[in-house]
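One-letter residues, chain by chain:
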Amino acid sequence: MEQKEDYILRVVAADGTVRAFFADTRASVGEAAKVHGTSPVMTAALGRLLTAAAMMGQTLKNDDDLVTLIVKGDGPGGGLLATADSRGRVKGYPYSPLADLPLRSDGKLDVGGAMGRGTLTVVRDNGDKQPYSGTVELVTGEIAEDVAYYYAQSEQIPSAVSLGVLVDTDRSVRRAGGFMIQLMPGSDDRTAELLENRLSSLGSLTSLYEHGHTPESLAELALGDLGCETLGRSPVRFVCDCSRGRMESALIALGREELTELLSTDGGAELSCHFCNRKYRFSADELKALISRCGG
């Protein structure tokens, strides 16, 4: 199947009192699944969180701002983390990539069961300002409802969120995407009612994508009656910005005593990036050089 570039469509409607984001994230979710070797249910869980993070990243103001979503649960999946910036760069990882569960009674992957009961934390890092953090209880563990609940509770923004990942029989990602529609200050009850009626008739998001719909056609389906206006289209990519320099800084942060112990017991060090699984090996001589750079 030919893969087009992932992207998010940004739109407003109802004279600016509704803002919305419609995302196609199949390639990015597929890359994440490949990197982490996830089971089907964890592919769906991580893909949904990555898509949510990518859309939330579009609400950031500056290039260096970041939003991070952290799910912690008592289910076999344990949890997930995803982070995104305003330029559509997203990365993330599952706590237990191989966790698996039987399909639900309706034949769908049991993401809620994999996550179990727990919390969703959203951290907004605006660079020079103190990061803002908000935490809510998981409503269903299915991710979309939990993100909508976070917005309602922590930011007082009524939101409709839909996230979907369709995993093929060979465990590849066949479809992935989502939308987030939010009522902004000045919206009225009539707008909310129109939206509710439209969204209740849409059906499964992955089925819509499977039948050829795009973010543009979904925006028209959901918001066509409200004067939908496109603001822009942003690419989305699964990108990890780890580097050997960052790993060196992490080792130096351990301090002289701990690095000296590593040197004496292991004769070196190996660090692995959580986001991309890239490994960085440091020899004994390299550790000695880092020790010499430690204070004290």
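Our subject is the structure that appears above.
We now turn to the structure provided with this report. (Residues numbered from 1 in each chain as written. Predicted model: local features only at pLDDT ≥ 70, side-chain atom pairs only at ≥ 80, totals over all residues. Heavy atoms only, no water.)

### Some details on the pairing of strand 5 (residues 89–94)
- Most of strand 5 is tucked away, with five of its six residues classed as buried.
- Hairpin connection, strand 4 (residues 79–85) to strand 5: the antiparallel pair is bridged by three residues, and glycine 88 has positive phi, about 85 degrees.
- As paired elements, strand 5 and strand 11 (residues 237–238) share two bridges and run parallel to each other. Within strand 11, the position partnered with arginine 89 by the bridge is arginine 237. (Buried < 20%, exposed > 50% of the residue type's maximum accessible area, 1.4 Å probe, protein only. Helix = DSSP H or I, 4+ residues; strand = E, 2+ residues; numbered from the N terminus. Pairing = 2+ DSSP bridges.)

### As for the packing of aromatic side chains
- Overall, the coordinates contain four aromatic pairs when judged by the stated rule.
- On the numbers, 5.7 Å between centres and 40 degrees between planes, the contact of phenylalanine 22 with phenylalanine 179 is tilted. Of this pair, phenylalanine 22 sits in strand 2 (residues 18–24) while phenylalanine 179 is found in strand 9 (residues 173–183), placing the two residues 157 residues apart along the sequence.
- Looking at phenylalanine 22, the relative accessible area reads 0%, which means it is buried.
- Take phenylalanine 179: its relative accessible area is 7%, and that puts it in the buried class.
- An aromatic cluster of at least three residues, connected via ring pairs, comprises Tyr93, Tyr95 and Phe275.
- The ring of phenylalanine 275 is capped by lysine 91, whose NZ or CZ atom sits 4.4 Å from the centre of that ring. (Phe/Tyr/Trp six-rings, centres within 6.5 Å; stacked < 30°, edge-to-face > 60°. Lys NZ or Arg CZ within 6 Å of the ring centre and 35° of its normal.)

### Topic: the pattern of salt bridges
- Using the criterion set out here, one finds 15 salt bridges in the structure.
- Put simply, glutamate 155 and arginine 124 hold a salt bridge, and the shortest N to O gap is 3.0 Å. Remark: arginine 124 occurs in strand 6 (residues 118–125) and glutamate 155 occurs in helix 4 (residues 144–155); sequence separation between them is 31 residues.
- For the salt bridge of arginine 174 with glutamate 210, the shortest nitrogen-to-oxygen distance reads 2.5 Å. One end of the pair, arginine 174, is in strand 9; the other, glutamate 210, is in helix 6 (residues 205–210), and 36 residues separate them in sequence.
- Each of Arg48, Arg104, Asp106 and Glu142 takes part in salt bridges that share partners, so that together they form one network. (Salt bridge = Lys/Arg side-chain N within 4 Å of Asp/Glu carboxyl O.)

### Side note on the nonpolar core
- Residues Met56, Leu69, Leu80, Met115, Leu120 and Val147 are the most contacted members of the largest nonpolar core, which totals 52 residues.
- At 12 residues, helix 2 (residues 40–57) tops the list of elements feeding residues into this core.
- The residues contacting leucine 69, other than those within four sequence positions of it, are Leu49, Ala52, Ala53, Met56, Leu80, Leu81, Ala82, Leu120, Thr121, Val122 and Val147.
- Membership of the second largest hydrophobic core comes to 20 residues, among which are Ile181, Leu218, Ala222 and Leu223. (Core = buried A, V, L, I, M, F, W, Y, C linked by side-chain atoms within 4.5 Å. Contact = heavy atoms within 4.5 Å.)

### Observations regarding a negative patch on the surface
- Side chains of Asp188, Asp189, Glu193 and Glu196 sit close together on the surface and give a patch of like negative charge.
- Along the chain, the position of glutamate 196 falls in helix 5 (residues 189–200). (Patch = residues over 30% accessible without salt bridge, like charges linked within 9 Å, V, L, I, M, F, W, Y side chains within 5 Å. Areas by Shrake-Rupley, 256 points an atom, 1.4 Å probe, with all protein chains shown as cover. Lys, Arg positive; Asp, Glu negative; His and termini not counted. Charge placed at Lys NZ, Arg CZ, Asp CG, Glu CD.)

### Structural notes on the side chain of aspartate 146
- Inspection of the secondary structure assignment puts aspartate 146 in helix 4.
- Arginine 48 is the oppositely charged side chain nearest to the buried, salt-bridge-free aspartate 146, at an N-O distance of 7.7 Å.
- Polar side-chain contacts of aspartate 146 include one of 2.9 Å to the backbone nitrogen of isoleucine 143.
- Look past the residues within four positions of aspartate 146 in its chain and what remains in contact with it is Leu120, Val136, Leu138, Val139, Thr140 and Gly141. (Polar contact = N/O pair within 3.5 Å; in protein donor to acceptor, adjacent residues only side chain to side chain.)

### Observations concerning the side chain of aspartate 6
- Tracing the chain through its elements places aspartate 6 in the segment before strand 1 (7–13).
- For the buried aspartate 6, no salt bridge exists, and the shortest N-O distance to an oppositely charged side chain is 6.7 Å, to arginine 26.
- Only 3.2 Å separates the side chain of aspartate 6 from the backbone nitrogen of arginine 26, close enough to count as a polar contact.
- In this view, aspartate 6 contacts Asp24, Thr25, Arg26, Ala27, Ser28, Ser234, Pro235 and Val236; residues no more than four positions away in its chain are not counted.

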